[in-house]
Amino acid sequence: MTANIEFSEKDQQAIKRAYSFADLSGYRWQQRWLIRAADLVFFLMISLIGRTIRFEVRGMTHLDKIRQDGQLEIQCFWHGSIFLATYYFRGRALIVMTSQSFDGEYIARFIQRFGYGAVRGSSTRGGIGALVEQIRLMKLGCPAGFAIDGPKGPRHVVKEGALLLAKKTGNPIVPFALTPKKCWTVKSWDRMQIPRPFTSVLIEIAAPISVSPQADETEIAAKRRELQNILDDLTKRGQNEYQFGRPKVSD
């Protein structure tokens, strides 16, 4: 989070709420138990496997320059890479939108354990309110992350949330893709990838995309196509070079 910002009591509460576990009193006791259990299982699994992964990262200078310029990044990636993204970008205080659902709640909890913040909402439920809260938190100094085709797809189709956030805050979008050399693929809509222990993972970060504060629907649509093309290209390059090639892994 950005330093030297004076927070009102209301602002402090908003930040605390994003980085704290939500109250589960609205769920049945069985659901509360399952949320806590799933939270811990995913946290431990990501932690244990993540420690064994060898990462090759390209383009980190794009993220570094954004911070050096006094801006905050809006990271964008495919939902199927959430396992790897959660581990690698831990501790950066990114605010992520999670769905207002049973699944969304345990996801919010395990990402918070990795130092992320969470706002509840999605393109299908509570999305406008969550986006407004994300805009507010970014203006308070919190960077953002988007599983850009989530929470329910279609898979690998960019949605507009990150673009609207960029328009309202003036911060750039940073697309990236993660490609594991070896992984298990979950039979879910996003085909989530769980890396095999001790495998190698390529992370390629593209140059940032800016959206003007005056952007109209035509410009937003054009930026959406640009973001789609970049993520598609990163995905194909990673698959061609890393999954099907012989990667050189840096320390």
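Residues numbered from 1 in each chain as written. Predicted model: local features only at pLDDT ≥ 70, side-chain atom pairs only at ≥ 80, totals over all residues. Heavy atoms only, no water.

On to the pairing of strand β2 (residues 74-77). Where burial is concerned, the two faces of β2 agree: the one with Ile74 and Cys76 and the one with Gln75 and Phe77 are both buried. Sheet topology places β2 next to strand β5 (residues 144-147); 4 bridges connect them, and they run parallel. Within β5, the residue paired with Cys76 across the bridge is Phe146. Where β2 and strand β6 (residues 173-180) come together, 3 bridges link them in parallel fashion. (Buried < 20%, exposed > 50% of the residue type's maximum accessible area, 1.4 Å probe, protein only. Helix = DSSP H or I, 4+ residues; strand = E, 2+ residues; numbered from the N terminus. Pairing = 2+ DSSP bridges.)

According to the stated counting rule, one finds 9 aromatic pairs in the structure shown. Taking the centre distance of 5.0 Å and the plane angle of 85° together, the rings of Tyr88 and Phe89 count as edge-to-face. Under the relative-accessibility criterion, Phe89 is labelled buried at 2%. Linked through ring pairs, Phe55, Phe77, Tyr87, Tyr88, Phe89 and Phe176 together constitute an aromatic cluster. Sitting over the ring of Tyr87, Arg90 keeps its end group 4.0 Å from the ring centre. Geometry around Phe43 places Arg113 over its ring, the cationic atom sitting 5.8 Å from the centre. (Phe/Tyr/Trp six-rings, centres within 6.5 Å; stacked < 30°, edge-to-face > 60°. Lys NZ or Arg CZ within 6 Å of the ring centre and 35° of its normal.)

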